[in-house]
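Analysis of the macromolecular model
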Amino acid sequence: MVSTKNSTLTVNKIGDFIISRYPYCYAVVLMMLFAERAKHHRPEGYPRQYSYMTIGALFVFGSMIVLRIQRPLGFLLCAIQMLLHSYITHTSKQIHHGEWLSIRMVTRNLAVIGAYLMLASRTTEKLPRRSNIHFLFPLGRYIYGLFLICYAYSLYHSKEDYRAFTKLVPFGSVLVFVVVAIVALGGVCFISNTRVRTASQVLLLVLSFTTLNFEGSINYWTKQKFVEYWNHMAILSESVVALGVLMVFF
């Protein structure tokens with residue numbers, strides 16, 4: 001019993017570590033993405049001042065979280081920053097992603113935004129109820145549930161994702177239907193706040209497997225589908241944050 005509790009706490013701490021350090025990771029990924037585009041003489045897609053401000057803000061917000069200086073505010077600011085960056089990315093006239101890639105990017109953005117809103121509420125911490133920002137937790141939970149439903153929908157309806165899944169994942173032509181059903185049901189659990197812990201435990205196993213085989217196949221996406229290397233790393237890193245959320249609720 002004690003061993004199980006200790007194991008659960010360890011998984012929770014790993015999830016919190018992944019989410020809280022992600023602003024640093026994302027800032028580095030953005031810098032590398034801008035460098036990659038400059039190397040290949042492609043437009044960054046953002047005003048230069050915005051790029052500097054975004055990277056700087058991510059380092060500041062990440063430091064607030066890691067150093068526990070107004071940690072809930074740091075999480076909230078990260079959520080707002082990710083929302084703003086996602087909006088600018090997908091409305092920029094200089095960046096042209098295919099529809100299937102845009103959907104994958106937006107879907108993973110939802111996972112990160114939901115994660116930060118839930119942690120900003122402080123509901124996952126052992127604190128008196130008066131210390132919590134109550135409305136942020138259900139909002140973050142709804143957004144994360146929406147991520148799961150969008151993930152399942154795009155996996156089934158996107159020709160690119162469906163084809164890649166059946167090709168990259170062992171027994172993918174059969175497992176795709178199982179994964180879609182489990183992830184969609186998990187999304188319903190998060191949105192309805194029903195058996196969230198059980199859903200998190202199942203989803204952690206399923207999404208870890210799919211992330212490793214599906215999004216972890218870097219050569220396939222960058223060499224065969226011509227996704228920018230660091231753009232794919234951004235998608236992959238956001239998928240890891242999505243797993244971090246499940247670890248927090250494990």
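Attention here is on the structure that accompanies the text. These numbers come from a predicted model, not from an experiment.

1. Side note on the overall build of the protein chain
Broken down by element type, the protein chain carries 10 helices and 0 strands. Counting from the amino terminus, the protein chain carries its helices and strands in the arrangement α-α-α-α-α-α-α-α-α-α. By the compact-globule yardstick of 18 Å for 250 residues, the protein chain fits well, its C-alpha radius of gyration being 18 Å. Dimensions along the principal axes, computed over C-alpha positions, put the protein chain at roughly 55 × 45 × 30 Å. By sequence separation, contacts in the protein chain at least 24 residues apart represent 72% of the contacts at least 6 residues apart.

2. Some thoughts on unusual backbone geometry
For His41, which is not a glycine, the phi torsion comes out positive at approximately 55°. Residue Phe171 is not a glycine yet carries a positive backbone phi of 55°. Along the chain, Phe171 turns up in the loop between helix 6 (159-168) and helix 7 (172-192). On the accessibility criterion, Phe171 (69% relative accessible area) is exposed.

3. Overview of the state of the cysteines
In protein chemistry, a disulfide is the covalent bond that joins the sulfur atoms of two cysteines. Evaluation of the coordinates by the stated rule reveals 0 disulfides. With no disulfide partner, Cys25 has as its closest neighbouring cysteine sulfur the one in Cys78, 12 Å distant. Under the relative-accessibility criterion, Cys25 is labelled partly exposed at 33%. For Cys150, which is in no disulfide, the shortest distance to another cysteine sulfur is to Cys189 and amounts to 16 Å. The class of Cys150 is partly exposed, set by a relative accessible area of 26%.

4. Some words on the nonpolar core
By size, the foremost hydrophobic cluster in this structure holds 64 residues, and its most contacted members are Ile19, Tyr116 and Tyr144. For this core, the element with the highest residue contribution is helix 4 (residues 99-120), accounting for 10 residues. Setting aside anything within four residues of it in sequence, one finds Tyr144 in contact with Ala111, Gly114, Met118, Phe190, Ala242, Val245 and Leu246.

5. Quick look at the pattern of salt bridges
Going through the model one piece at a time under the given rule, you end up with 8 salt bridges. The closest approach of N and O atoms between Arg42 and Glu228, which form a salt bridge, is 3.3 Å. Here Arg42, found in the loop between helix 1 (2-39) and helix 2 (48-66), pairs with Glu228, found in the loop between helix 9 (218-224) and helix 10 (229-248); they are 186 residues apart in sequence, far enough to count as distant. Of the residues examined, Arg42 reaches a relative accessible area of 34% and is grouped as partly exposed. A salt bridge links Glu160 to Arg163, with the shortest nitrogen-to-oxygen separation between them at 3.7 Å. Linking Glu160 with Arg163, this pair stays in helix 6, spanning 3 residues, or about one helical turn. A relative accessible area of 43% places Arg163 in the partly exposed class. Salt bridges linked by common partners bring Arg104, Arg108, Asp161 and Glu215 together as one network.

6. Section: the side chain of Gln81
Locating Gln81 in the fold gives a position in helix 3 (residues 71-91). A relative accessible area of 11% places Gln81 in the buried class.

7. Description of helix 7
Taking 1.5 Å per residue as the helical rise, helix 7 with its 21 residues ought to reach 30 Å, and the 29 Å between its terminal C-alpha atoms agrees with that figure. For helix 7, the full list of buried residues reads Gly172, Val176, Val179, Val180, Val183, Gly186, Gly187, Cys189 and Phe190. Structurally, helix 7 contributes buried residues whose contacts are with helix 5 (136-157), helix 6, helix 8 (196-215) and helix 10. Asn193, located one to two residues past helix 7, shows a positive phi value of around 60°.

8. Section: the packing of aromatic side chains
Per the counting criterion, the structure on display carries 17 aromatic pairs. An aromatic cluster is defined as three or more aromatic residues linked by ring pairs; in this entry it consists of Phe137, Tyr144, Phe147, Tyr151, Phe190 and Phe249. Across the ring face of Trp221, the terminal group of Arg104 is positioned such that the distance to the ring centre comes to 4.2 Å.

How each quantity is defined
- Residues numbered from 1 in each chain as written.
- Predicted model: local features only at pLDDT ≥ 70, side-chain atom pairs only at ≥ 80, totals over all residues.
- Heavy atoms only, no water.
- Helix = DSSP H or I, 4+ residues; strand = E, 2+ residues; numbered from the N terminus.
- Rg over C-alpha atoms; globule rule 2.2 N^0.38 Å.
- Contact = heavy atoms within 4.5 Å.
- Buried < 20%, exposed > 50% of the residue type's maximum accessible area, 1.4 Å probe, protein only.
- Disulfide = S-S within 2.5 Å.
- Core = buried A, V, L, I, M, F, W, Y, C linked by side-chain atoms within 4.5 Å.
- Salt bridge = Lys/Arg side-chain N within 4 Å of Asp/Glu carboxyl O.
- Expected span 1.5 Å × (residues − 1).
- Phe/Tyr/Trp six-rings, centres within 6.5 Å; stacked < 30°, edge-to-face > 60°.
- Lys NZ or Arg CZ within 6 Å of the ring centre and 35° of its normal.

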